[in-house]
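# Examining the three-dimensional arrangement
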Amino acid sequence: QVQLVESGGGLVQPGGSLRLSCAASGFTFRLYFMSWLRQAPGKERELVAGITNAGKRTTYADSVKGRFTVSRDNDKSTVYLQMDSLKPEDTAVYYCNVKWNGNNYWGQGTQVTVSS
């Protein structure tokens, strides 16, 4: 079965950095577009970044362009989100996502809190 396991979240001061990881299993990772989304309290889940199967193209929400970088290692079936220059408004639970066999799959999420 498809499994996505996020890690790397935590508490960081404004201006700091975190690197999130998402380990995938249960499907042929190298064939699928992967994305990161986030959900802040009281808000809808929003797309943060996405990366094509070979990693040649990426997409970002306007709010994170120039600060976040998505990447992947197909040999390790893992997708990453490097987050720099973090702001308090980046505080949210971050999820990785894959659409496989017509269904969306999510991990359990990892909490990112940006606060002084």
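So, here is what we can say about the structure in this document. (Residues numbered from 1 in each chain as written. Predicted model: local features only at pLDDT ≥ 70, side-chain atom pairs only at ≥ 80, totals over all residues. Heavy atoms only, no water.)

This part covers the pairing of strand 8 (residues 78-83). Along strand 8, five of the six residues are buried, which leaves the element largely enclosed by surrounding structure. Note: strand 3 (residues 18-25) against strand 8, six bridges, orientation antiparallel. Directly across from S21, in strand 8, lies its bridge partner Y80. Where strand 7 (residues 68-73) lies against strand 8, six bridges are found, and the strand directions are antiparallel. When the bridges of strand 8 are listed, V70 appears paired with L81. Taking the residues between adjacent antiparallel strands as the criterion, strand 7 and strand 8 are bridged by four residues, where S77 takes a positive phi near 50°. (Buried < 20%, exposed > 50% of the residue type's maximum accessible area, 1.4 Å probe, protein only. Helix = DSSP H or I, 4+ residues; strand = E, 2+ residues; numbered from the N terminus. Pairing = 2+ DSSP bridges.)

Grouped together as the largest cluster of nonpolar side chains are 29 residues, with contacts concentrated most on W36, V79, L81, M83 and Y94. Looking at this core, the elements that each hand over two or more residues are strand 3, strand 4 (34-39), strand 5 (46-51), strand 7, strand 8, strand 9 (92-100) and strand 11 (110-114). Discounting residues that sit within four places of it in the chain, Y94 has contacts with E6, L20, W36, L37, R38, V48, F68, L81, M83, G109, T110 and V112. (Core = buried A, V, L, I, M, F, W, Y, C linked by side-chain atoms within 4.5 Å. Contact = heavy atoms within 4.5 Å.)

A few words now on the sheet that holds strand 7. Spatial strand order, 1-3-8-7: four strands in an open sheet with antiparallel pairing. Of all strands in the sheet, those with a lone pairing partner are strand 1 (3-7) and strand 7, marking the two edges. Neighbour-to-neighbour, the strand axes of this sheet turn through a mean angle of 15°, independent of strand direction. Pairing geometry for strand 1 and strand 3, over five bridges, is antiparallel. In the strand pairing of strand 3, L4 is matched with A24. (Axes fitted to C-alpha atoms, helices over the stretch in contact; angles between N-to-C directions.)

This structure, assessed with the given rule, holds four aromatic pairs. Judged by centre distance (5.7 Å) and plane angle (85°), the ring pair of F27 and Y32 falls under edge-to-face. Since its relative accessible area comes to 12%, F27 is described here as buried. These aromatic residues form a ring-pair network of at least three members: F27, F29 and Y32. Residue placement shows R19 over the ring face of Y80; its charged tip is 4.0 Å from the ring centre. The ring of W106 has R45 sitting right over it, with the charged end atom 4.4 Å from the ring centre. (Phe/Tyr/Trp six-rings, centres within 6.5 Å; stacked < 30°, edge-to-face > 60°. Lys NZ or Arg CZ within 6 Å of the ring centre and 35° of its normal.)

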